[in-house]
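A structural walkthrough
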Amino acid sequence: MTMKRVYNFAPGPSTMPQEVLEQAAREMLCYGDTGMNVMEMSHRSKQYQAIFDETEATLRDLMHISQDYAVLFLQGGATGQFAAIPMNLMTGSGTADYVDSGNFAHGALVEAGKYGKVNVVASSKDDKYAYIPELDASKFNPDADYFYITTNNTIYGTRYARLPETGKVPLVADMSSNILSEVYDVNRFGVIYAGAQKNVGPAGLTIVIVRRDLLGHAMPITPKIMDWKIMDEKGSMLNTPPTYAIYMAGLCMKWLKKQGGVEAIEKVNIEKAKLLYGALDDSDFYRPTARPDSRSRMNVTFTTPSPELDAEFVKAAAVHDLVNLKGHRVVGGIRASIYNAMPIEGVQALVDFMKKFELENK
Ligand SMILES: *Cc1c(COP(=O)(O)O)cnc(C)c1O
């Protein structure tokens, strides 16, 4: 069988480190001396519990997560947490502050509105979410049960350069598309959560990191599988967890540790982003769509002079083994997602192709 790998710029599910895929392949028929694949194991077995525990320990190590925080491996995606967050937290004043910085942030605040009162402190919706909105602390509600942000807006390619100061109000962050890509001080947050399929591993796993004092306040209607306190007490195994996705995420985390951890990969990610934005800024053919002060290092969005050329770009790039560059359906244009597993060689290949395409279509 011939094998040709492409550079996959998909936003999620997205490219994985080749070493990880090779290890998973080696372990496909037999994991260790078990005589079976991980996906064939009971989640209650000693062998599987060891895989689970090592994955949690590696994540704690990579993000320097203290024992003041619970780490949960759940299902239902980031979208499930849009509901779980208010159900678990909106039980004090029954209100929460939200920043409307993109499609997913908007979806989260609409969902939260089913469970309590949502205060939208800032929005960039009217400007097609091209930037992170300015935050005016005088609009923050000091009695809010939490303050909600999306640290990286996957569809629009924007990122918070600074975190808001929310005082005693717990900061809740959707980090689905930039967790493990840059250093964050976990202690600044009440809750960090992420669907794994962008920068952690395959789809099916949702990571929730929650400060322990925020457990145990859930609404009585909260389904057991969405109640963080119950899930914590059950070691994320009230029911069958996404066993294989957790194993794969664990392999990716160990790979990241081998690269030098989050501190080291952040430097590489900055270099990758610089290379790509540099090419965009140097050209008058391409137009980056995110405002410079809000640029994402993970999702780089841009356009050519016309939607027709955008489509041609995506098609021609694929011929050169640069795939999944089409922008999200709500915004169009082009988007290159350059998560941890995208090597700088892939970004360089894209930049080289961009120059060639510009020359041919100017
Ligand atoms: C992809 C994404 C989501 C939705 O994730 P699902 O796991 O599909 O529910 C939510 N928020 C952000 C920032 C995302 O990138």
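Residues numbered from 1 in each chain as written. Predicted model: local features only at pLDDT ≥ 70, side-chain atom pairs only at ≥ 80, totals over all residues. Heavy atoms only, no water.

The next subject is the sheet that holds strand E8 (residues 171-174). Pairing within the open sheet is mixed, and its 7 strands lie in the order E2-E10-E9-E8-E5-E3-E4. This sheet does not close on itself; its edge strands, each paired only once, are strand E2 (69-74) and strand E4 (117-123). Strand-to-strand, the axes of this sheet are offset by a mean angle of 20°, without reference to chain direction. Two strands pair when backbone bridges link them, and strand E3 (residues 95-100) and strand E5 (residues 147-150) are joined in this way by 2 bridges, in the parallel orientation. Paired with Tyr-98 across the two strands is Tyr-148, which belongs to E5. Taken strand by strand, helix H3 (residues 77-89) contacts E2, E3, E5, E8, strand E9 (191-195) and strand E10 (206-211), and its axis lies near 155° from that of E9. (Pairing = 2+ DSSP bridges. Helix = DSSP H or I, 4+ residues; strand = E, 2+ residues; numbered from the N terminus. Axes fitted to C-alpha atoms, helices over the stretch in contact; angles between N-to-C directions. Contact = heavy atoms within 4.5 Å.)

Right, let's get into the pattern of salt bridges. The full count for this structure, using the stated rule, is 20 salt bridges. For Asp-61, the salt bridge goes to Lys-257, with nearest N and O atoms at 2.8 Å. With a gap of 196 residues between them, Asp-61 in helix H2 (residues 46-63) and Lys-257 in helix H6 (residues 243-258) connect regions that are remote in the sequence. Under the relative-accessibility criterion, Lys-257 is labelled partly exposed at 44%. Within this structure, Arg-159, Glu-182, Glu-266 and Arg-297 form a network of salt bridges that share partners. (Salt bridge = Lys/Arg side-chain N within 4 Å of Asp/Glu carboxyl O. Buried < 20%, exposed > 50% of the residue type's maximum accessible area, 1.4 Å probe, protein only.)

With that settled, the discussion passes to the site of the ligand. Neighbouring residues of the ligand: 13 residues in total, closest Thr-79, Thr-154, Asp-174, Gln-197 and Lys-198. Here an oxygen atom of the ligand and a backbone polar atom of Ala-78 are 3.1 Å apart. At a separation of 2.4 Å, an oxygen atom of the ligand approaches a polar side-chain atom of Thr-154. Protein contact buries 86% of the 390 Å² of open area that the ligand shows by itself. Ranked by residue count, the leading element in the shell around the ligand is H3, at 4 residues. Partitioning the shell around the ligand into residue classes produces 3 nonpolar, 8 polar and 2 charged. (Near = heavy atom within 4 Å. Polar contact = N/O pair within 3.5 Å; in protein donor to acceptor, adjacent residues only side chain to side chain. Areas by Shrake-Rupley, 256 points an atom, 1.4 Å probe, with all protein chains shown as cover. Nonpolar A, V, L, I, M, F, W, Y, C, P; charged D, E, K, R; others polar.)

Purely geometric numbers; function is a separate question.
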